[in-house]
Structure formats: C-alpha cells, structure tokens
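Next come the chains, spelled out residue by residue.
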Amino acid sequence: MINIDPADRPSEQNRRAVLLEAEEAVCSDRNKDYGDPEDNFDDIASLWSAYMRSPFTRADVAVLMMLVKVARMKTSPALRDHWVDIAGYAACGYPSALADDDDA
C-alpha cells in the first residue's frame, strides 16, 4: 500500500509515489518469483555476454534496462510505469555495481 502525505505539494506527491512504487517492486515478495535482483542481473549478464561475445556486468544490465525504458519513453513520456521502472533498476543497479566490484 502506497501512502502519500496529503500535506505534500502535487509534485512532491508524484515523486514520493514513484519512489514508493519502485520500492514496493524491488523490496517485496517478488524475489520469491524472480530471485534476488543481483543474481538475476548476473544471469542476464552471462547470457548477454555469450550472445554478444563481449563481457557484460550486473551493473551493465541495470543501465541497459534503464536505457530500454528511456527508449520507450520516446513514445509515451508521461507513462508512470517507465519512471517507476527506471527508479527500480537504479535501486537494484547500485548493489549490483558493488557486487561487480567485489568480483573484480
């Protein structure tokens, strides 16, 4: 449940709503269905690396998934889902980058 403080200005409410929705997406029970995001990004990076014959990291996956959303925004820039997904990929990207550094 996303709770928005009615005392917030509309722009603050929108920012808070996007961040709370992204938090709900990346910090909820979804891990039971999809696994830990960093592990999933590692799997994707391995597949992309094999397919492209070039190394990809977990952080690369997060950045490239954000760019997919940016490309989709050209068609529908006001679609909230794009903004929520980018916030979620950013939230997962940071620990992915830390994990990449640990692997180096």
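Okay, so let's go over this structure. (Residues numbered from 1 in each chain as written. Predicted model: local features only at pLDDT ≥ 70, side-chain atom pairs only at ≥ 80, totals over all residues. Heavy atoms only, no water.)

## Things to note about the packing of aromatic side chains
Two aromatic rings are characterised by how far apart their centres lie and by the angle between their planes.
Right, on to step 1. According to the stated counting rule, one finds two aromatic pairs in the structure shown.
Right, on to step 2. Taken together, a centroid distance of 6.4 Å and an interplanar angle of 35° make the contact between Phe41 and Tyr89 tilted. With Phe41 in helix H3 (residues 37-52) and Tyr89 in helix H5 (residues 80-103), this pair connects stretches of sequence that are 48 residues apart.
Right, on to step 3. Plain terms: the ring middles of Trp48 and Phe56 are 5.7 Å apart, the flat faces sit at 75° to each other, and that makes the pair edge-to-face. (Phe/Tyr/Trp six-rings, centres within 6.5 Å; stacked < 30°, edge-to-face > 60°. Helix = DSSP H or I, 4+ residues; strand = E, 2+ residues; numbered from the N terminus.)

## Quick word on the side chain of Lys69
Right, on to step 1. Structurally, Lys69 is set in helix H4 (residues 58-73).
Right, on to step 2. Excluding anything up to four places from it in sequence, Lys69 contacts Asp81, His82, Asp85, Ile86 and Tyr89. (Contact = heavy atoms within 4.5 Å.)

## Some details on the packing of helix H1 (residues 10-26) against H5
The relative placement of two packed helices is expressed as an angle between their axes plus a distance between the axes.
Right, on to step 1. With their axes 8 Å apart at the nearest point, H1 and H5 run at an angle of 55° to one another. The angle between the axes of H1 and H5 places the two elements in the oblique class. Where H1 crosses over H5, the two elements pack in a sense that is right-handed. Contacts between H1 and H5 involve Ala17, Val18, Leu19, Glu21, Ala22 and Val26 on the former and, on the latter, Arg80, Trp83, Val84, Ala87, Gly88, Ala91 and Cys92.
Right, on to step 2. When its residues are assigned to classes, the contact of H1 with H5 shows ten nonpolar, one polar and two charged. (Axes fitted to C-alpha atoms, helices over the stretch in contact; angles between N-to-C directions. Parallel < 35°, antiparallel > 145°, perpendicular 65-115°, else oblique. Left-handed = near helix turned anticlockwise from the far one by under 90°. Nonpolar A, V, L, I, M, F, W, Y, C, P; charged D, E, K, R; others polar.)

## What to know about the packing of H3 against H4
Right, on to step 1. The N-to-C vectors of H3 and H4 enclose an angle of 90°; their axes lie 8 Å apart at closest approach. Considering the angle they form, H3 stands roughly perpendicular to H4. On H4, the residues that touch Glu38, Phe41, Asp42, Ile44, Ala45 and Trp48 of H3 are Arg58, Val61, Ala62, Leu64 and Met65.
Right, on to step 2. For the contact of H3 with H4, the class distribution of residues is eight nonpolar, no polar and three charged.

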